[in-house]
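Single-letter residue listing:
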Amino acid sequence: MVVPDVSTRLAAAVRTARTAVGRGPLPAAAEDVAHDDARWPTVLLDPARAVVPFLGRERELGELRSWAEADVPVSLRLVVAPAGFGKTRLAGELGERLGGSGWTVVRVPRGKEAATVRARPVGDVLFVVDDAAARRGLGAMLDALARPARGRTRVLMLARVAGEWLRRLRWGSVLWTQLGAGDATQTALDVSLAPDLTDVVVLEAAVAAFAVHLGVAAPALGDLSADEPDHGTRVVDLHAAAALAALTVAGVPVPAHEPNPLRGLLDVAAVSWAASAREAGLELSLDEVQDVVAAACLLGADDTAGARDVLRRVVPGLPARAGARWLLGLPAVTAELGPSAAGPDRLGDLLVTDRLGRSVSLVGSCTWGLSRKAALRVVRVARRLEVELSESPEATALAGELLRRAADSYGDDPRALRTAFLLKQRSVVDASPDDVYRGERAVAVAKDAVGRAEALVDLGTALRDVARLTESLEVLDSAVEAWRKIAAGDPDRYRTALVSAINALGSARWRSGLSRESLAAHREAVELCRAAPERDRAWCEAELARVLISLGVVLNDAGAPQAEDEAFAELLPILRNLVARDPRQWSVFLTTALSNRSVVLTESRPQEALPFAREAVALSREMVRQAPKRHRNELGFALTNLANTYAALGRDREAVEPLGEAVAVRRELVRENAATHTWTLAYSLASLGAVRSRLGDLDEAISLEREAVLLRRRLAREHPARYRRMLAASLSNLAVTHSRAGEPDEALPLEREAVAIRRALAKDGQPGEDHLAHSLSNLGVLYAELGRPADAVAPTQEAVGLLRRLAEEDPGRFEPPLADALLNLGGALLDAGRAQEGVEPTTEAVRLRQELAGRSPEVHLPGLAAALTNLVAVHVDLGMSDTAAEYAQEVVTVRRRLVDGSYAHEQDLLRALDLQARVRRSGAVDGRAIR
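Residues numbered from 1 in each chain as written. Predicted model: local features only at pLDDT ≥ 70, side-chain atom pairs only at ≥ 80, totals over all residues. Heavy atoms only, no water.

Re the overall build of the chain
Here comes step 1: Scanning the chain for helices and strands turns up 40 helices and seven strands.
Here comes step 2: Along the three orthogonal principal directions, the C-alpha set of the chain runs to about 110 × 75 × 55 Å.
Here comes step 3: A buried classification covers 60% of the 931 residues belonging to the chain.
Here comes step 4: When the accessible surface of the chain is split by element, carbon and sulfur atoms take 52% of a total near 36,600 Å². (Helix = DSSP H or I, 4+ residues; strand = E, 2+ residues; numbered from the N terminus. Buried < 20%, exposed > 50% of the residue type's maximum accessible area, 1.4 Å probe, protein only. Areas by Shrake-Rupley, 256 points an atom, 1.4 Å probe, with all protein chains shown as cover.)

Here it is in structure tokens:
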């Protein structure tokens, strides 16, 4: 379903119309009006015909008029929105109003971009460029605009997303030195036409307009708002539902059980196509005519040769002359890639998906032996399906197949290879092996220095995303050097290209475990952005956002929290501004930044992390709702990070559900692309295992953590610099769980291996002394559990020394682990018969925990109870029974505060009461270290 969230309400419009027809007679359709339109229903939605009155978008229209009427010679504007949001209609309305003020409005034909500008009339001119992303001649057109002209020149570009194609225009033409600081700005259309304009109002207005056009009375649709929310439907879907309602009243048979109004309208149109074929003397079934029109949408049928080619592929043997005359005679709407009998692009895309998505043979017949021009068109349609119908798995699968088959036809054509990359909607990590193959070919056939540099970045980024890191580093090193040479001659023009290449190299270095080299690259990229002239601020802002996201990750890994705080403070307002300009492209980056921020804050300020983690989950859920195939990776990260934040706040039970969902999402992703997503699955498994371990679900925890260890051990063998730290974390977590399960023999070799890895990392200068201290402290506990108290003291003392130094630099982050290490040291000394020496570290641990619990009781009360328990043991061992009894009472008091109905906390309270009873009875208490 393309509109599953609103289809019930829209289908209700058709049902209401049928009910209205049943109540009594309505006026018959006028003979001289709209009979053909009732027969060809998809043309009712043609924005050029403007059957429905212009509603909403007054704010956007006002902004565009102000932009057009500004006193500058040349200016550009981009309107971005998905298909069916009203871009073309908005541009038409702007042109009509400016035309009334003396402007000349010129729609730029495909393939004649530069020639259209060179033939510019005198006076103020508005050029409208639809489907700007797929215009190969746009760069040459902008070059032509750089020439002086008599009058103001405005270029309004319409596109579905402002992706790579727009950024590369910056170095693809000579116009930019003439533009001002606020030029090349963007307007993003929301799904709602206006805040106060509900779906029902739009639907009713459209029904009334279509009814007048068809010469029938409009049915009443006033009660449609009762069951469904408003402001959630694309305008084209509302208009399709309204058209079906009006057609029903006009006596046109409408599908009875089709909840999707777009499909319903296509079904009505298909009957008309089949009837016209019969009138033309062609023997075509209903399925065949739909296949023919779908193939025409894919391949184009603008002339007799194109129509004959479509028919030969779909229905070979059909009389060529009569068939071409019939196909070209079907009423068409001007769509992005030319005339379309299926109607506006959203209808055409749906028809292509429905017909080709269910027939491998039809895909094959439509894609064998394509000319390079036709193959390029197939690439454009496939990329459009990825963007517009990504909520449909069938559309995503079809797009991938079409791209592969088109590549067989266009071969090494540089323009086709470039288009395949430029029209790809970029996510944070989203390349496929097909992108690697295309990138290799693009590098091989590049014809100039700029083309080769572009292709190297594309290839290096694709290699990075599919985890071929060594190759990625080599390619991206070459790409950066290539762009340095190009930018040396014109640094402002090529600045964003060089920044993008350096940022890609920095990300590849980070994934390869080269943190220092990565940090240097990202910092260079940031400085390049900041050095840009004011006129390029809007262009460099987008690149700066990408760099700051990457920089924040590296700074966190490097243990530089203040610098990371500063980077995020700079990043967040930039990202929110970019999301407002182009939500479809930038929401994924905002989600990633928020999710990363929650990770950073979870370690030291978990309460501050929670709002960021929750917003990241909400945003990623919305993105997955719109495009599930594309954004599951972001949802997996956001869910895992939210759960880790809950865990850091001591709310382990709340962490279980999001972690379970994250694991399920990532298992699905691993089945599709193991090279890219195995490490993310291990990340979620490790987090879920740790939570289950703390909740006492030890068998399940051991199973989850063993799987994480196995995955990370394999990854570490392949890429040790990147994954050794993660392997050490999983080894230590599994050791702790075995210890909790009373299996210290199983735990000891795991923790020893974790210590060895972390020592080696520290020796190499890698950050992570806190993790080494954690493992050393755990190792001391294990020695104590195995009856080797003398061996337990040294590692716990080393852990305390490391954490004490770290806590002096960052107390908020390292005081809690220092308290645990002190407590373990006290327990080790007690078990070794050195009770007097154990008093000081145990007492310090209690003091730290009391201070921490005073600030965040929900987080630190369990640690305080454990510290007090050890303090009881120390005082009992020293014969100080009265003091021990006082501390035992404190333990009970704290444990009572923690009881929340969970089994684990109830058991902790029972143990505390038992401890108190034994202290009162005999003073005999066994020393127990905590983990």
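Quick notes on a negative patch on the surface
Here comes step 1: Together, D699, E743, D745 and E746 make up a negatively charged patch on the protein surface.
Here comes step 2: Within the fold, E743 resides in the loop between α32 (720-740) and α33 (744-763). (Patch = residues over 30% accessible without salt bridge, like charges linked within 9 Å, V, L, I, M, F, W, Y side chains within 5 Å. Salt bridge = Lys/Arg side-chain N within 4 Å of Asp/Glu carboxyl O. Lys, Arg positive; Asp, Glu negative; His and termini not counted. Charge placed at Lys NZ, Arg CZ, Asp CG, Glu CD.)

Quick look at the side chain of S515
Here comes step 1: Examined against the element boundaries, S515 turns out to sit in helix α23 (residues 515-530).
Here comes step 2: On the accessibility criterion, S515 (11% relative accessible area) is buried.
Here comes step 3: Ignoring any residue separated from it by four or fewer positions in sequence, one finds S515 in contact with V554 and Q766. (Contact = heavy atoms within 4.5 Å.)

Things to note about the nonpolar core
Here comes step 1: Judged by nonpolar contacts, the single largest core of 190 residues is most densely connected at F210, W273, W326, L356 and L575.
Here comes step 2: Per-element accounting of this core gives the leading share, 12 residues, to helix α9 (residues 235-249).
Here comes step 3: The residues contacting L575, other than those within four sequence positions of it, are A545, I549, W586, F589, L590 and A593. (Core = buried A, V, L, I, M, F, W, Y, C linked by side-chain atoms within 4.5 Å.)

Details of helix α38 (residues 857-877)
Here comes step 1: Compared with the 30 Å implied by 1.5 Å per residue over 21 residues, the 29 Å span of α38 between its first and last C-alpha is a close match.
Here comes step 2: Of all 21 residues in α38, 16 are buried, a share of seventy percent or more.
Here comes step 3: Backbone geometry just after α38 places G879 at a positive phi near 80 degrees. (Expected span 1.5 Å × (residues − 1).)

Re the packing of aromatic side chains
Here comes step 1: Inspection of the entire model under this criterion finds six aromatic pairs.
Here comes step 2: Aromatic side chains W586 and F589 sit 4.9 Å apart centroid to centroid with 45 degrees between the ring planes, which places their arrangement in the tilted category. Note that W586 and F589 are positioned in helix α26 (residues 583-604) at a spacing of three residues, about one turn of the helix.
Here comes step 3: The class for W586 is buried, based on a relative accessible area of 4%.
Here comes step 4: Residue F589 is classed as buried on the basis of its relative accessible area, which comes to 8%.
Here comes step 5: Taking 6.5 Å as the distance between ring centres and 35 degrees as the angle between the ring planes, the aromatic pair formed by W679 and Y683 counts as tilted. (Phe/Tyr/Trp six-rings, centres within 6.5 Å; stacked < 30°, edge-to-face > 60°.)

Some details on the pairing of strand β3 (residues 125-129)
Here comes step 1: Of all five residues making up β3, five are buried, and the element is well covered by its neighbours.
Here comes step 2: Of the two faces of β3, both are covered, the one formed by V125, F127 and V129 as well as the one formed by L126 and V128.
Here comes step 3: With four bridges joining them, strand β2 (residues 104-107) and β3 adopt parallel strand pairing. Residue pairing across strands places V106 opposite F127, the latter belonging to β3.
Here comes step 4: The β-α-β motif built from β2, the intervening helix α5 (residues 113-118) and the parallel element β3 has right-handed crossover chirality. (Pairing = 2+ DSSP bridges. Right-handed = clockwise from strand over helix to strand, strands pointing away.)

Some thoughts on unusual backbone geometry
Here comes step 1: In the Ramachandran plot, A50 falls in the positive-phi region, its phi being about 50 degrees despite a non-glycine side chain.
Here comes step 2: In this fold, A50 is placed in the loop between α2 (35-39) and α3 (58-68).
Here comes step 3: According to the relative accessible area criterion, A50 is partly exposed, its value standing at 36%.
Here comes step 4: One non-glycine residue, R57, lies in positive phi territory at about 60 degrees.
Here comes step 5: In this fold, R57 is placed in the loop between α2 and α3.
Here comes step 6: Owing to a relative accessible area of 2%, R57 belongs among the buried residues under this scheme.

With respect to the pattern of salt bridges
Here comes step 1: If you walk through the whole model with that rule in mind, you get 68 salt bridges.
Here comes step 2: Linking R546 and E543 is a salt bridge whose minimum nitrogen-to-oxygen distance equals 2.9 Å. With R546 and E543 both in helix α24 (residues 537-557), this residue pair falls three residues apart, about one helical turn. Accessibility assignment for this pair places R546 and E543 in one class, buried.
Here comes step 3: Residues joined in a network through salt bridges with shared partners are R57, R59, E60, E63 and R77.

Quick word on α26
Here comes step 1: If you check α26, its first and last C-alpha atoms are 31 Å apart, about what 22 residues at 1.5 Å a residue would give, namely 32 Å.
Here comes step 2: With 17 of 22 residues buried, α26 lies mostly within the body of the structure.

Quick look at the state of the cysteines
Here comes step 1: Here the structure, examined in full by the defined rule, presents zero disulfides.
Here comes step 2: Take C297: it sits in no disulfide, and the sulfur closest to it among the cysteines is that of C366, at 11 Å.
Here comes step 3: By relative accessible area, which is 10% here, C297 ends up buried. (Disulfide = S-S within 2.5 Å.)

A few points about the packing of helix α17 (residues 393-410) against helix α19 (residues 433-445)
Here comes step 1: At a minimum axis separation of 11 Å, α17 and α19 run at an interaxial angle of 20 degrees. Put simply, α17 runs roughly parallel to α19. Seen from above, α17 lies across α19 with left-handed handedness. Residues L403, R404, A407 and Y410 of α17 touch α19, and the partners they reach there are D434, R438 and R441.
Here comes step 2: Per-class residue counts for the contact of α17 with α19 are three nonpolar, no polar and four charged. (Axes fitted to C-alpha atoms, helices over the stretch in contact; angles between N-to-C directions. Parallel < 35°, antiparallel > 145°, perpendicular 65-115°, else oblique. Left-handed = near helix turned anticlockwise from the far one by under 90°. Nonpolar A, V, L, I, M, F, W, Y, C, P; charged D, E, K, R; others polar.)

Some remarks on the environment of D237
Here comes step 1: Here D237 lies in helix α9.
Here comes step 2: Overall, the relative accessible area of 0% leaves D237 in the buried class.
Here comes step 3: C-alpha of D237 to C-alpha of L262: the two residues are 25 residues apart in sequence and 6.4 Å apart in space.

Quick word on the side chain of T640
Here comes step 1: Its location among the elements puts T640 in helix α28 (residues 628-648).
Here comes step 2: A polar atom in the side chain of T640 sits 2.7 Å from the side chain of S684.
Here comes step 3: Not counting the four nearest positions on each side in its chain, T640 is found in contact with L659, A662, R666, Y683, S684 and S687. (Polar contact = N/O pair within 3.5 Å; in protein donor to acceptor, adjacent residues only side chain to side chain.)

Considerations on the environment of L519
Here comes step 1: Relative to the helices and strands, L519 is located in helix α23.
Here comes step 2: In this structure L519 comes out as buried when scored by relative accessible area, which is 13%.
Here comes step 3: Through-space distance from the C-alpha of L519 to that of D71 is 44 Å; in sequence the pair is 448 residues apart.
Here comes step 4: Apart from residues no more than four positions distant in its own chain, L519 is found in contact with L551, V554 and L555.

Some details on the packing of helix α37 (residues 835-855) against α38
Here comes step 1: Relative to each other, α37 and α38 sit at 160 degrees, their axes nearing to 8 Å. With respect to α38, the element α37 is oriented roughly antiparallel. Where α37 crosses over α38, the two elements pack in a sense that is left-handed.
Here comes step 2: Partitioning the contact of α37 with α38 into residue classes produces 13 nonpolar, eight polar and three charged.

Looking at the confidence of the model for the chain
Here comes step 1: The pLDDT averaged across the chain works out to 85; a share of 91% of its residues lies at or above 70.
Here comes step 2: Here helix α1 (residues 7-23) stands out as the least confident element of the chain, with mean pLDDT 48; helix α31 (residues 698-718) is the most confident, with 95.
Here comes step 3: Scored below 50 in pLDDT, residues 1-9 shows 29 contacts in the model against residues more than four places distant or in partner chains.
Here comes step 4: Confidence drops under a pLDDT of 50 for residues 927-931, and excluding neighbours within four residues, the segment shows 19 contacts in the predicted structure. (pLDDT = per-residue confidence, 0-100.)

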